[in-house]
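Single-letter residue listing:
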Amino acid sequence: LNTLTSTSGTSEDLELEDDFITNRQMRMNYWAVKGLQARYYLYTGQKDKAYSAAKEVIDAKTISGMPVVELSSMSDYGGDGVKFNSESECLFGLWVSDLYNISVSLLGGGPVSGSNRTTIDPSSMLALTSVWYEDLFRETNTATDIRYRKMWSQTLGMSTTTVFPSIRKYYVNRESDDSEVEGVIPVLRLSEMYLIAVETAPTFAEANKLYEEYMLSKGNAVNAPFISENDIQPELEKEYRRELFAEGQMFYFYKRHKMETMWSKGSVTVSENDYILPLPNSEFNPNKK
């Protein structure tokens with residue numbers, strides 16, 4: 001359920017002269033602002049404020065008492081193409097023309113079957129190996145985890161003997177005669193609000209309660225995983241990676257925690273300079289591109 005996609009649950013199905021207040025998750029709406037606050041407060045170490053902002057989003061209700069946004073579940077995933085959970089639990093996102101073709105050219109894979117399926121070229125595409133894929137979901141119940149079951153496909157490489165896991169997060173359902181298919185790139189999601197609230201919860205009981213609710217929605221039943229504060233960061237690092245894969249969030253998780261190693265690049269030591277993003281040339285000279 002995401003009442004930001006329509007007017008249902010507000011004043012009870014308003015008849016509108018225009019559709020400006022529909023699909024509000026594609027605009028910087030109120031709940032997106034609260035989500036951005038939660039992210040900012042977490043990044044700047046203001047944990048109490050981060051928790052309050054994230055929890056406000058989690059607990060948000062419409063006038064009729066319905067949740068504004070709910071965590072995604074198995075029903076939010078499609079069949080051959082993926083109706084990714086960004087649509088169901090998105091607080092703010094970008095609507096991108098021809099996202100399908102852009103994604104396939106970068107990530108490979110595509111649908112489970114059909115003529116639009118492509119092969120993986122590891123020299124030019126962003127691909128995982130099967131070893132890293134299994135490590136990504138280590139310690140989860142892969143028989144029920146909806147990300148493991150629905151968010152990835154196994155795709156042949158240029159060599160027919162090698163199979164690569166390819167993420168299907170941005171592959172939307174498409175018609176056979178549609179050359180351009182628009183799709184959503186999520187910027188802020190309810191799952192991130194849960195992860196922020198877990199990290200900043202005032203008690204371990206609250207952190208466990210939120211994490212159990214979050215993980216259950218992903219198809220994993222957990223029971224009181226956190227006993228001490230030292231348990232939280234390692235577990236959240238794994239879950240940020242699984243849930244927000246290909247969304248650009250892990251860099252900031254690593255930077256916020258001043259981590260000197262990154263997953264899949266454990267042999268490389270990351271220095272402070274590596275976390276400083278270079279300014280575009282146009283910032284120095286507007287005539288340069």
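Quick caveat: nothing in here was measured; it's all calculated off a predicted structure.

Our next topic: the overall build of the chain. Of the regular secondary structure elements, the chain holds 11 helices and 4 strands. Across the chain, every contact between residues at least 6 apart in sequence was considered, and the portion connecting residues at least 24 apart equals 63%.

Our next topic: helix H8 (residues 204-217). Helix length check: H8 (14 residues) gives 20 Å between terminal C-alpha atoms against 20 Å at 1.5 Å per residue, within 8%. Those residues of H8 that fall on the buried side of the exposure criterion are Glu206, Ala207, Asn208, Leu210, Tyr211, Tyr214, Met215 and Ser217. Looking one or two residues past H8, Gly219 carries a phi angle of roughly 95 degrees, positive in sign.

Tallied over the entire structure, the rule returns 14 aromatic pairs. Taken together, the ring pairs in this structure connect Tyr133, Phe137, Tyr148, Trp152 and Phe245 into an aromatic cluster.

A surface patch of nonpolar side chains, about 240 Å² in accessible area, is lined by Met28, Val33 and Leu36. Structurally, Leu36 is set in helix H1 (residues 30-43). For Leu36, a relative accessible area of 42% translates into the label partly exposed.

Let's shift gears to the pattern of salt bridges. One pass over the structure, following the stated rule, counts 18 salt bridges. Across the salt bridge formed by Arg138 and Glu139, the nearest N and O atoms sit 3.7 Å from each other. Three or more residues are tied together by salt bridges with common partners; here these are Glu89, Asp145, Arg147, Lys169, Arg189, Lys218, Glu239, Arg242, Glu243 and Glu247.

Below, the discussion takes up the side chain of Asn220. Mapped onto the fold, Asn220 is located in the loop between H8 and helix H9 (232-243). With sequence-adjacent residues up to four places away left out, Asn220 is seen in contact with Thr140, Asn141, Asp145, Arg147 and Met215.

Counting buried positions over the 5 residues of strand E3 (residues 163-167) gives 4, a clear majority of the element. Where strand E2 (residues 152-156) meets E3, 5 bridges bridge the pair, whose relative direction is antiparallel. Residue pairing for E3: Ser153 is matched across the bridge by Ser166. The loop that links E2 with its antiparallel partner E3 comprises 6 residues.

Closest axis-to-axis distance for the H8/H9 pair is 13 Å, and the angle between their directions is 25 degrees. As judged from the angle between their axes, H8 and H9 are roughly parallel. With respect to the hand of their crossing, H8 and H9 are arranged in left-handed fashion. On H9, the residues that touch Phe204, Tyr211, Tyr214 and Met215 of H8 are Ile232, Glu235, Leu236, Glu239 and Glu243.

Turning to helix H2 (residues 47-58), a few remarks are in order. Spanning 12 residues, H2 covers 16 Å between terminal C-alpha atoms, matching the ideal 16 Å at 1.5 Å per step. Here H2 has its buried residues at Ala50, Tyr51, Ala53, Ala54, Lys55, Val57 and Ile58. Packed against the buried residues of H2 are H1, strand E1 (90-96), helix H7 (190-200) and H8.

This next bit is on the confidence of the model for the chain. Averaged over all residues, the pLDDT of the chain equals 82, while 79% of them reach at least 70. Low confidence marks residues 7-13, where pLDDT is under 50. Its contacts with residues over four positions away, or in another chain, come to 14 contacts. In the model, residues 175-180 has pLDDT below 50 throughout and makes 5 contacts with residues more than four positions away in sequence or in other chains.

Each value, and the rule that gives it
- Residues numbered from 1 in each chain as written.
- Predicted model: local features only at pLDDT ≥ 70, side-chain atom pairs only at ≥ 80, totals over all residues.
- Heavy atoms only, no water.
- Helix = DSSP H or I, 4+ residues; strand = E, 2+ residues; numbered from the N terminus.
- Contact = heavy atoms within 4.5 Å.
- Expected span 1.5 Å × (residues − 1).
- Buried < 20%, exposed > 50% of the residue type's maximum accessible area, 1.4 Å probe, protein only.
- Phe/Tyr/Trp six-rings, centres within 6.5 Å; stacked < 30°, edge-to-face > 60°.
- Patch = residues over 30% accessible without salt bridge, like charges linked within 9 Å, V, L, I, M, F, W, Y side chains within 5 Å.
- Areas by Shrake-Rupley, 256 points an atom, 1.4 Å probe, with all protein chains shown as cover.
- Salt bridge = Lys/Arg side-chain N within 4 Å of Asp/Glu carboxyl O.
- Pairing = 2+ DSSP bridges.
- Axes fitted to C-alpha atoms, helices over the stretch in contact; angles between N-to-C directions.
- Parallel < 35°, antiparallel > 145°, perpendicular 65-115°, else oblique.
- Left-handed = near helix turned anticlockwise from the far one by under 90°.
- pLDDT = per-residue confidence, 0-100.

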